[in-house]
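Observations on the model geometry
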Number of protein chains: 4
Amino acid sequence: MAISVGILGATGYTGAELIRLLHSHDKARITYCSSRQYNGRNIADVLGFFKGSFDILIEDFDAQAVKNRCDVVFSCLPHGTSMDFISQIADAVKVIDLSADYRIRDIQTYHDWYGEHTSANLLKTAVYGLSECYRSEIKTSSLVANPGCYPTSILLALIPLLRRGIIDPAGIIIDSKSGVSGAGRGLSLTTHICETAESFSAYKVGRSHRHIPEIEQELSSAADCHVTVEFTPHLIPITRGMLSTIYVHTDYDENELRECLNTFYQDSTFVSIFKDGFPSTKDVRGTNRCLIGLTKNKTTSRAVIVSVIDNLTKGASGQAVQNMNLMFGLPETEGLASLPLFP
Amino acid sequence: MAISVGILGATGYTGAELIRLLHSHDKARITYCSSRQYNGRNIADVLGFFKGSFDILIEDFDAQAVKNRCDVVFSCLPHGTSMDFISQIADAVKVIDLSADYRIRDIQTYHDWYGEHTSANLLKTAVYGLSECYRSEIKTSSLVANPGCYPTSILLALIPLLRRGIIDPAGIIIDSKSGVSGAGRGLSLTTHICETAESFSAYKVGRSHRHIPEIEQELSSAADCHVTVEFTPHLIPITRGMLSTIYVHTDYDENELRECLNTFYQDSTFVSIFKDGFPSTKDVRGTNRCLIGLTKNKTTSRAVIVSVIDNLTKGASGQAVQNMNLMFGLPETEGLASLPLFP
Amino acid sequence: MAISVGILGATGYTGAELIRLLHSHDKARITYCSSRQYNGRNIADVLGFFKGSFDILIEDFDAQAVKNRCDVVFSCLPHGTSMDFISQIADAVKVIDLSADYRIRDIQTYHDWYGEHTSANLLKTAVYGLSECYRSEIKTSSLVANPGCYPTSILLALIPLLRRGIIDPAGIIIDSKSGVSGAGRGLSLTTHICETAESFSAYKVGRSHRHIPEIEQELSSAADCHVTVEFTPHLIPITRGMLSTIYVHTDYDENELRECLNTFYQDSTFVSIFKDGFPSTKDVRGTNRCLIGLTKNKTTSRAVIVSVIDNLTKGASGQAVQNMNLMFGLPETEGLASLPLFP
Amino acid sequence: MAISVGILGATGYTGAELIRLLHSHDKARITYCSSRQYNGRNIADVLGFFKGSFDILIEDFDAQAVKNRCDVVFSCLPHGTSMDFISQIADAVKVIDLSADYRIRDIQTYHDWYGEHTSANLLKTAVYGLSECYRSEIKTSSLVANPGCYPTSILLALIPLLRRGIIDPAGIIIDSKSGVSGAGRGLSLTTHICETAESFSAYKVGRSHRHIPEIEQELSSAADCHVTVEFTPHLIPITRGMLSTIYVHTDYDENELRECLNTFYQDSTFVSIFKDGFPSTKDVRGTNRCLIGLTKNKTTSRAVIVSVIDNLTKGASGQAVQNMNLMFGLPETEGLASLPLFP
């Protein structure tokens, strides 16, 4: 019997990506979609390319309807709103929250970066949904905080190395680049094709991007000490794709680092370490994969690690489906096995 | 038991697209891949993003090996070479040829546009693989000539209307636009990103593109008279996608034309007629669908029909898989049901 | 002494393009810029890339200030608003209007396509600013209606042929494609990079685009008979560039058509006819040029003519500067001689 | 009287960019263009968009012809070949070499990264052509080694800070991103639009890019100590534009760093420091400008500096023309004053 799935905020990019992935998922069917903006319309009228393939009436959020009709709910709502709605349903259905609301364990840190937290009790029960690193916790959780896209690309590369203690937790520099879909479907000059195409820029330079506390929380936990990072996000004029170039000090050589990662991910289908060379974002477009390449620069005693994901898939909706699979005892790859669109 | 599939010329764009689609096909498995250029290498070394998901040793073409190990073969070879190889195996395996070699029924016409035809006997047995229009013939065929991308986008829009006689077969003008992947993986300034990005151009203007005889053959057959078309292809600086804008004289109104198409495609999952508005190429990216919009201009007595496909999927490898499904009695949508990558 | 130039609506794409062109113009200096939205700010704060190169205080529109400080005014305002403002200043300064307000000579036609016309008297004095075709009228005019981008690309190709009577004025079909900057700087999903990049679509298919009456007015005048056209615009996922593919019946051969165009444009620097082959939009990017290629299809008795311009330059601000040069007795190419940005 | 200019290797991207810039230069005219590949053809036949604006016969390299007809020669030849040709003419004409041949002062270092150096005597006379930093030396030089694109974007940001000693010369990390035109007009899968568009990747990660010795030579000179950098180049799927994100340790605050740069560049038109915010590559497209933004992260005691240039203009041909202006006593901005193409 199929899992009944609800999606809150179904008409944005992560909602649409969830629908795309679940459409190919043999064990789940979408029974509920909400959107304040498009309440009362059919989703195939809002996202026209669904026509003939998938359709469902979009409803306004109703806690009782969710409880009656869903086994699990994905929330694609913005932070703040997300915990407001989730706190009304989390007693009755499993929840995977794609917002930041349950990612930050320290409530003061959440307050500093995002604002007041109104769901402290639930927060204590949430599991950080970086699938490959918290698999067993996710399996038994009923509230998963799905990681941010930047953190996913960074943490998958660094957590195994920090847990093993073979890179220096101090002085980590992360230079990340993201496709524009990460900015969502909202309208601004930043997403106007004439302003963004054929351009490249940095944004939120310095200690200002909200993913920093999430990254530092998880790196600190892996290193078992307080970790501070330098993090600079950039905007690539492409729709999907994220690449993080990470600079770390280490006394270990390239093979030792690679071996550490290979061992950690030996049972993880979605994470692969390149034997040589470096991945490009197109290698993972539309897939739930994370590809990692690395080299050791002997002159500087630094390792340079390059990690790529699709920000909407492994960086959001794909990892959310992977977490659902874990929570329901399904094979982790169910609905997520497709090859990238090439070319 | 799965169908054993061989792919000749597996490392080009249509070959890679076949692998992507067959990877999600429950009833087929790839048992043979050939490529002269990459003979002896693993395909996951040539197309790196396959690594961890799919791999097979690339071989040089060997007729006996094909016969031993394949139930069906897709040929992604260039015309000329394709019939040379197919004629060595067609007695023993089913063949779907993505080249032009078996599309043109009149051997003199083939000669005029492509050069000498060396496989005349086999040509007589070939079926033109426009799935929705020749479904029953394809089901019983063992050699299918898979249509060209431009013809597919055009014929699906026009054949039903011409068969019913509700548009004028004279004076048809077709203005088509294709993504660059249609030019293949070969290197030229035309595919150099710095020359092609942020540009748009027409090519082979006038009576010069080789898809013209294929289009005219099928339109003539549908109209039951000799049809001549004006056809202008253009290059869009995108990877995948094809849009044909078609101008035809007609005394019928918009609803009658739409009704004719709707009736014709009522049992065809992959072809949809818009009730209003017009499709964009992104609506079908990576899918096997053809979307059609139309309007009647009363001032000019012309209908304007807009048809979109993904040139590599419905325009090549997707339709080829659809034809395989028909030839093997499988559901037509097997392996082809995925939603487009959005955004 | 330099011409003092005012720009109304200076912060949109055509305004910014005017500033770019006038910045390299030896005989003009910008003395006045208005914008309701950015009133009171410096333009180099609004369009940051001007910083260090060009700056001026943006003002709200004030008729007296315009009259005091400008010899000529370019209006980049939307239609309707444009004539409201122009009618307050046209008695004292020369005006080049980039909106549609003074393009349509028949006031009822304007009403049918755009709405009420409130400046009928001034309309009678306006000259249609297709520089190469109305050079002498423009030279003595004080109110020039700068042509639309689509009309410019189409009329430059067809007017000489219709005036000479060597193509059939009936049955003309125009399939045009435009870069996204033609849609302006306003925000909508149509200009969201994630929705538009890697896509291609038709819009306003049938008798619905507002450039149709402008095109037909000028073609009728050139042919000296009532001309009706079929016109379909499309959106190319590039910023700048416009290509029109035009289908006309003719009994004349390719050389006769080319010769006619060559003769007409022999003294026109900006319009060039290809001896063979066809232009691409990148050939003219950022320039005021129009390049035309053509062929005769003997099978269909049709000529296919391909015309490219930069929609913001020859299609808008470049032609406006060219008209200013004509109106002030300057060399036509002043400020407009630069080569395209390649690659 | 105009300067007579020769261009060796005129048909590549830097050659074409030189022609574009010199076409708007009032004091120079191109009298000689060479290309082995296109020898004997007109350049407007090779680069079609020049037609009607600029043309010249392409010749094979001939030292005597160069000496007879040129006051200055730009070499756009590959390294190795460039010094072979330059050594035949440098006694008689001024030379600006866009290759790496005269950039590296230490001949052993050149050998390690590029191969044998065959023009050691001339090397001793060459001046490194980073215009803003070596202005007086360039003015009196007759052989200028025009800097690489990456070094230009990096050195302009760091040299003033290192000379003043307000950043730590140890531990500098440079994460650079370049448009594809930097790879030149040659054909490879890396420049195939279908492989590169909608993708992003790192390349030559670790101590492998040939610009490293050039960067380190100049930083060492500025810091007056041996400087080693971490440098990672990336490929952006755009044609023009380069952005370097630079991480340095410093005890100084943001205002002190900015003030240092502002003072250094107070008389330099082409380099501007943002008061706040960060530049994007589109801000400088087609211009000779370098824009720099920076912030100090107090948590990490690091400054993050973002520098953008157009890799073909300030990163190659624009700076070369700027150097020509210096060498001939012309205003530095002659031919280089145009605004960026926006949008």
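Everything quoted here is computed from the prediction, not taken from an experiment.

Quick look at the interface of chain A and chain D now. Listed per partner, the contact involves 44 residues of chain A and 44 residues of chain D. Summed over both partners, the interface of chain A with chain D buries about 3600 Å², with 58% contributed by carbon and sulfur atoms. Here chain A is connected to chain D by four salt bridges. The salt bridge involving aspartate 175 of chain D is made with lysine 177 of chain A; its shortest N-O contact spans 3.0 Å. Between the two partners, chain A and chain D, sit 28 residue pairs in polar contact (both at pLDDT 80 or more). The element best represented in the side of chain A that touches chain D is strand β10 (residues 229-236) of chain A, accounting for five residues. Of the residues in the side of chain A that touches chain D, the class split is 19 nonpolar, 15 polar and ten charged.

Glancing now at the sheet that holds strand β3 (residues 58-59) of chain B. Residue and element names in this part refer to chain B. Here we have seven strands laid out as an open sheet, ordered β3-β2-β1-β4-β5-β7-β6, and parallel in their pairing. Two strands bound the open sheet, and with one partner strand each, they are β3 and β6 (127-128). The pairing of strand β1 (residues 3-8) with strand β2 (residues 28-34) spans six bridges and is classified as parallel. Among the inter-strand pairings, glycine 6 is bridged to a residue of β2, identified as tyrosine 32.

According to the stated counting rule, one finds 64 salt bridges over all chains in the structure shown. For the salt bridge of arginine 302 of chain C with glutamate 230 of chain B, the shortest nitrogen-to-oxygen distance reads 3.0 Å. You can see arginine 302 of chain C sitting in strand β14 (residues 302-309) and its partner glutamate 230 of chain B sitting in strand β10 (residues 229-236), one on each of two chains. For the pair arginine 302 of chain C and glutamate 230 of chain B, one class covers both residues: buried. Here the salt bridges share partners, and the residues they tie into one network are Glu17, Arg20, Arg240 and Asp310 of chain A.

Between chain D and chain B, which share one sequence, the superposing operator has a rotation angle of 180° and an axial displacement of 0.0 Å; the RMSD is 0.0 Å. As the rotation angle and translation indicate, the two copies are arranged about a two-fold axis. Minimal C-alpha distance to the rotation axis in chain D is attained by isoleucine 193 of chain D, lying at 2.1 Å. Take the interface residues of chain D: 100% of them recur as interface residues in chain B, which is what a same-surface contact looks like.

With an RMSD of 0.0 Å, the operation that places chain A on chain D is a rotation of 180° combined with a shift of 0.0 Å along the axis. In this assembly, 100% of the residues forming the interface of chain A have copies in chain D that are likewise at the interface, indicating an isologous arrangement.

Attention shifts here to helix α12 (residues 313-327) of chain C. Residue and element names in this part refer to chain C. With 15 residues, α12 should reach 21 Å at 1.5 Å per residue; the first-to-last C-alpha distance of 18 Å falls well below that figure. Considering bend angle alone, the principal kink of α12 is centred on glutamine 319 and spans about 45°. For α12, the buried fraction is high: 15 of the 15 residues fall into the buried class. Just downstream of α12 lies glycine 329, where phi reads positive at about 70°.

Once that is clear, we can look at the packing of helix α8 (residues 149-163) of chain C against helix α11 (residues 254-264) of chain C. All names here are of chain C. Two elements in contact, α8 and α11, have axes whose closest approach is 9 Å; the angle formed by their N-to-C orientations is 105°. Taken together, the axes of α8 and α11 lie roughly perpendicular to each other. When α8 is examined against α11, the residues Leu156, Ala157, Pro160, Leu161 and Arg163 are found in contact with a partner set consisting of Leu257, Cys260, Leu261 and Phe264. Its residues assigned to classes, the contact of α8 with α11 comprises eight nonpolar, no polar and one charged.

By convention, interface size is frequently given as the accessible area that disappears when the constituent parts associate. Contacts between chain D and chain B engage 18 residues on the former and 18 residues on the latter. In this assembly, chain D packs against chain B so that about 1600 Å² is buried in total across both faces, 62% of it on carbon and sulfur atoms. Counting the contacts that link chain D with chain B gives two salt bridges. Of the charged contacts in the structure, one is a salt bridge between glutamate 195 of chain B and arginine 185 of chain D, with a shortest N-O distance of 2.8 Å.

Together, Leu187 and Leu189 of chain A together with Leu187 and Leu189 of chain C make up a nonpolar patch on the protein surface, roughly 290 Å² of accessible area in all. For leucine 189 of chain A, the location among the structural elements is in the loop between β8 (172-179) and α9 (193-196). You can call leucine 189 of chain A partly exposed: its relative accessible area is 33%.

The next point concerns the domain arrangement of chain A. Residue and element names in this part refer to chain A. Splitting chain A by domain gives domain 1 (3-125) and domain 2 (150-310). Measuring from the centre of the C-alpha atoms in domain 1 to the corresponding centre in domain 2 gives 27 Å. Each side of the interface is counted separately: domain 1 has 13 residues, and domain 2 has 16 residues. Counting the surface lost from both domain 1 and domain 2, the interface buries some 1300 Å², and carbon and sulfur atoms represent 49% of this. Counting across the interface, domain 1 meets domain 2 through three salt bridges. The partner of arginine 103 in a salt bridge is glutamate 214, and the shortest N-O contact between them spans 3.1 Å. Taken together, domain 1 and domain 2 are joined by nine residue pairs in polar contact (both at pLDDT 80 or more). Residue contributions to the side of domain 1 that touches domain 2 peak at three residues, all from helix α1 (residues 13-23). A per-class count over the side of domain 1 that touches domain 2 returns five nonpolar, three polar and five charged.

Thresholds, definitions, all that
Residues numbered from 1 in each chain as written. Chains lettered and ligands numbered in written order. Predicted model: local features only at pLDDT ≥ 70, side-chain atom pairs only at ≥ 80, totals over all residues. Heavy atoms only, no water. Contact = heavy atoms within 4.5 Å. Buried area = accessible area lost by both parts, 1.4 Å probe. Salt bridge = Lys/Arg side-chain N within 4 Å of Asp/Glu carboxyl O. Polar contact = N/O pair within 3.5 Å; in protein donor to acceptor, adjacent residues only side chain to side chain. Helix = DSSP H or I, 4+ residues; strand = E, 2+ residues; numbered from the N terminus. Nonpolar A, V, L, I, M, F, W, Y, C, P; charged D, E, K, R; others polar. Pairing = 2+ DSSP bridges. Buried < 20%, exposed > 50% of the residue type's maximum accessible area, 1.4 Å probe, protein only. Least-squares fit on C-alpha atoms with pLDDT ≥ 70 in both. Expected span 1.5 Å × (residues − 1). Bend = angle between axes of the 7 residues up to and from the residue. Axes fitted to C-alpha atoms, helices over the stretch in contact; angles between N-to-C directions. Parallel < 35°, antiparallel > 145°, perpendicular 65-115°, else oblique. Patch = residues over 30% accessible without salt bridge, like charges linked within 9 Å, V, L, I, M, F, W, Y side chains within 5 Å. Areas by Shrake-Rupley, 256 points an atom, 1.4 Å probe, with all protein chains shown as cover. Domains from an automatic or database assignment.

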